[in-house]
Each structure stands twice: as C-alpha cells, then as structure tokens.
Amino acid sequence: MGSLPARSIDTPLPLRILIIGAGISGLGLSIRLRQYAPCATITILEKNAEVGGTWFENRYPGVACDIPSHVYQYTFEPNTQWSRFFSPGEEILEYVKGVARKYRVRELVEFGKVVRGCVWDGGGASGLCVWGRWALGKKRRGRSRGGLMLWLTVRALIGVGSSAIQVLPHLQRKCKDVYHFARGGTWISEPFGGAATQDSIAGDKDSGNYEERGKFKDDLEYYWKYRKHIERFINLDHPCLFPGTESAISGKEGIMQNMKKKLAGKPEIYEALEPKWSPGCRRLTPGPGFLEALVKDNVHFSRMKIVGVSKNEILLENGTRRKVDAIICATGFDTSFLPRFPIEGHNGTLLSEQWKDTASSYLSLATPNFPNLFTVGGPNSATGGGSLLIIFESIIGYVAKCVQKMSREHVCRMEVKAEALRAWEEYMEAYFPTTVHVEACTSWYKAGKKDNRVVGLWPGSSLHARKTLEHPRWEDWDFRYGREMEGSVG
Ligand SMILES: Cc1cc2nc3c(=O)[nH]c(=O)nc-3n(C[C@H](O)[C@H](O)[C@H](O)COP(=O)(O)OP(=O)(O)OC[C@H]3O[C@@H](n4cnc5c(N)ncnc54)[C@H](O)[C@@H]3O)c2cc1C
C-alpha cells in the first residue's frame, strides 16, 4: 500500500533555476518565471558588467534596430517615447536597463561571471529521480571591452550585411573618403512594415524619424492600435518568402526599382549589388540612408577581393594598394549555434557532439539527452522579417509553463522525446524547400554543415510560432517525479 505524501496538494517544488545571460531573453525569462513559479529561486549569471547583451556590446556608429522600435520591445512593457522609428542601440540599452530595474530582476544578476561549462549530474537511468540538477563551471571576470573610438579621416569598410549598412551613412558624413568593399551582392529593401512604416517616416525617410510621440503618450489605446498596425504590416510581408507567388514577384520588383532609383547616380553599383537569389534568401537588409550614402562622391564602392592587410594599407587582388587610417570589418558573427562552452547531458553526451552535423532542438528550445535545459534563441528560433522578440517571448512563455508544471507537479526531470524532435525536423524538412531560404545564397540562416539545412529560422511566420508555442504538447516530453528537490546549482 502506498503512503500519502507529507505535503499539501498546492505545495510547490522549491526549484532553483539558473539563467545564463542578462540580455533581453534572460531578463524577460526571469520576469515570466517569477510570475509562473513564484517559489523558484532564480539566479542570472552574466559575463558582462551590465545587462542588455547585444545592446550593451554593440556600440559601432549607427547601431540601431532595423525593426520599428514600437515592435522591437517587450509586449508587456510598451515604451511610448522612442526617440526614433528605428531607435539607436544606446536607447534600446537604456530601455532594457529600465525594465530590469522596474521588475526588480537586476538584483538576480551576478555580473562578471562567465559560465565555462554545464554538466548534468542528476537523475538515474531508471526509477524515480530524487533530484536532478545542472552543475556549472564559472569564473569571475571584469569588463572586457574598450569604449570610445577615435574618428579618423580615411576609412575602409568591409562587408555589406546589416552592420555595414548601418555604419556607412555615419562614415560618409564624417570621413573624407570611405572605401567600401563587399564580396557578395545583397538586396536593400525599404524598411520592414511596408506602407505603415512608409507613412510613419514619410517626413524623414533617410533617418527614419517620425513625429507621433506626443500622441502616443497621451493616448495609450491609440499607441496600442498603432503597434498592432505596424506589426500587421510586417506580418503581411511573410508571403514574399514563397517563390513564384504574386507577393514574391511584386516584392522583388519593388526592391529592384527602389535600388535602381536610389543608385541612379552610380548605376554600376546596382549591377554589382544585384544578387542571383531572391530577396529574403538571406536576411533582408533595410538600411535607411545606405543607398543614398553609396552614391556620394566620397564613397568608393568595390567588389574587389581584399588579399592582404598591412599597417594602414589594404592590398587588393589586382595588386592595388589603398592607404587607409582605419579598417572596419562588418563581416558578421559566428552563428554556428555550437555551444561556446561544454554542455554535458546525461550519460556524458556532449551537446557539441550531438550537434556536430547540425544544431537541432525541439521547437528551438529543448534537446533530447539534456533534461531541464531550455534555450531561448536556439536553433530555428529566428524570424527573417520581423522582430525577434515576438518569437522569443513565445518561447519564454512556453518555458515558463514547463517550469510551472515542474514546480506544481513536483517534476524533477523533464526531457523532450527523441521522436518529438524527429517529427519537428520532418516538418522543417518539408517546409523550408518551399521557401526562398534554400536558394544558393550565403546566409547565417544556413549555418548547418549537413544538407544545407536552414538552422537559423523558425519554419513559418511569427504568428505561426506564437500559435505553436502557445500550448505545450506534454505528450512530447518524458517526466520523472520526485518528492524533494535538494542541493543547488553552481
Ligand atoms: C547589431 C545588432 C542589431 C540587431 N538588430 C535587431 C533588430 O532590429 N531586430 C531584431 O529582432 N533583432 C535584432 N538583433 C538581434 C538581437 O541580438 C536580439 O533581438 C536580442 O537582443 C537577443 O537577446 P538575447 O538576450 O537572446 O541575446 P544577447 O543579447 O546576445 O544576450 C546574451 C547574454 O548572455 C551573456 N553570456 C553569453 N555567454 C555567457 C557565458 N558563458 N557566461 C555568462 N554570460 C554569458 C552575454 O554577455 C549577454 O549579455 C540585432 C543584433 C545585433 C548584433
């Protein structure tokens, strides 16, 4: 005969939760977890000296979001006073810091702590697990970045991705000459959000300025409708990603005409930039002021390959040497999804080994062999044409529900089933070949080595992600229950 548990039905399991990183995701997750599992003890380890992640680390001239700010913010914490339609990085950082203060999650952060590894050391192969936990390697570290940049007169800018596109207009205004080298072509679209965005920034298209701030502050309902309006237009762009459709054809035509018009002064740049693949194959790069800067007399654009760099000089493949004062490499990030530190699951499985061909997680957030480990911003979590935060918040919501279940039902270990991941992969294998993403472009969406698989993007629209993540399918998970949670992380 079984014995009755020595606790009341609503006594929660006192979980100890560790979040790595105090960027927008980590902070958002901690806010939600406090609501969904109020008895959990939460610690956030952050290697930097400040919250904000991306927006703390990226300080190049012109750094900004390229999604309208009114959409690039937490849904639950609307800021009516964004200074610009595409707000500068500094302002986004201040917003994130403000949210962390307001929700008192800053006090959960241990700054200057670098996680060096995670090892699953809880649970057994069978039977009840009494306690499942992750042990961490961590190290204290000071701030690692330098601050100010010295403005010089002649610069060389390498790359034609999102960062280069933001940097160029600033360099063009401040430098005597700018040499801009781009290896590949790219589509430069109008800002995301189509007609809604165009209407908002009609008065100042180059810099994305807008004038409605006063109205937003006084009429929150109007602001809410405005946000929905912009978001709706961004969502309407999704059908452009399916080749041969009317949206894809007219979308491409619109981008081509816009580029040709703005580059009319230097038509050879349009010829050099026009890619063979469809818009959206790699991330579309709307850049207010970029095309306008390219045609200015002090900007010298080239597709010439750089074969060497020495002090104050770059060497081109045709033997030309170009003297410069500074070189800016806007050549992108490591987007392989391979973990930056060892993560060891049960039976000694290393995540880097499991993902050696392609990173792959169930709904982007959980991986078989790694119980109680959730990722925000994992493989297949991004959107190509809207705010990442919409999907990230949905993932956070899903994870919060998992943690709530663990706490309420005394689940000490939950692990996604391998067959659930396989079903998700099959869905993606069927979905992506219907899109422009599988065309022959180089893109961080396709960081996987195997079969040119798309690992960056969610397989569907942001709305599809929201709907999918709204209600967890618990039958896709294995659960182990325990009477007590002991010990701690770290
Ligand atoms: C220049 C730039 C512009 C962008 N513009 C847009 C945009 O317009 N729209 C959009 O949707 N997205 C944009 N993005 C994407 C942006 O990164 C995400 O929208 C979002 O900020 C990611 O937040 P995060 O918290 O998931 O990750 P991050 O901001 O990268 O935060 C991760 C945190 O984890 C910490 N960390 C990492 N490793 C460790 C470790 N081992 N130990 C301890 N701490 C660790 C880091 O220090 C960091 O604070 C942009 C990105 C860049 C780089």
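None of the values given here were measured: they were computed from a predicted structure. (Residues numbered from 1 in each chain as written. Predicted model: local features only at pLDDT ≥ 70, side-chain atom pairs only at ≥ 80, totals over all residues. Heavy atoms only, no water.)

### Focus on the side chain of S361
- Mapped onto the elements of the fold, S361 is located in the loop between α11 (351-354) and α12 (388-409).
- A polar atom in the side chain of S361 sits 2.9 Å from the side chain of T367. (Helix = DSSP H or I, 4+ residues; strand = E, 2+ residues; numbered from the N terminus. Polar contact = N/O pair within 3.5 Å; in protein donor to acceptor, adjacent residues only side chain to side chain.)

### As for the UniProt feature "transmembrane region" (unreviewed entry) in the protein chain
- The positions UniProt marks with the feature "transmembrane region" (unreviewed entry) are residues 13-31 and 148-168.
- Spanning residues 13-31, this segment combines 42% helix with 26% strand, and its end C-alpha atoms are found 19 Å apart. (UniProt positions renumbered as here; feature names shortened; annotations may be inferred.)

### Description of the nonpolar core
- Ranked by internal contacts, the top residues of the largest apolar core, which has 110 residues, are L27, L294, Y362 and W477.
- Sort the elements by how many residues they give to this core and α12 lands first, with 12 residues.
- Residue contributions to this core reach at least three from each of two domains, namely domain 1 (16-49 + 112-144 + 334-481) and domain 2 (154-192 + 243-324).
- Formed by 12 residues, the second largest nonpolar core is a distinct cluster that contains L45, W120, L351 and A359. (Core = buried A, V, L, I, M, F, W, Y, C linked by side-chain atoms within 4.5 Å. Buried < 20%, exposed > 50% of the residue type's maximum accessible area, 1.4 Å probe, protein only. Domains from an automatic or database assignment.)

### Focus: helix α13 (residues 418-431)
- Taking 1.5 Å as the rise per residue, α13 with 14 residues should run 20 Å; its terminal C-alpha atoms sit 20 Å apart, in good agreement.
- Within the sequence span of α13, burial applies to A420, L421, W424, E425, M428 and Y431. One side of α13 holds all its buried residues, which, seen down the axis, span an arc of 140°. In this structure, α13 carries E419 and A430 as exposed residues pointing more than 90 degrees from its buried face. (Expected span 1.5 Å × (residues − 1). Arc of directions from axis to C-beta.)

### So, the packing of helix α1 (residues 24-36) against α12
- At a minimum axis distance of 9 Å, the contact between α1 and α12 shows a crossing angle of 35°. Both α1 and α12 take part in a crossing whose hand is right-handed. Residues I24, S25, G28, L29, R32, L33 and Y36 of α1 form the contact with α12, whose own contacting residues are L389, F392, I396, V399, A400, K401, V403 and Q404. (Axes fitted to C-alpha atoms, helices over the stretch in contact; angles between N-to-C directions. Left-handed = near helix turned anticlockwise from the far one by under 90°. Contact = heavy atoms within 4.5 Å.)

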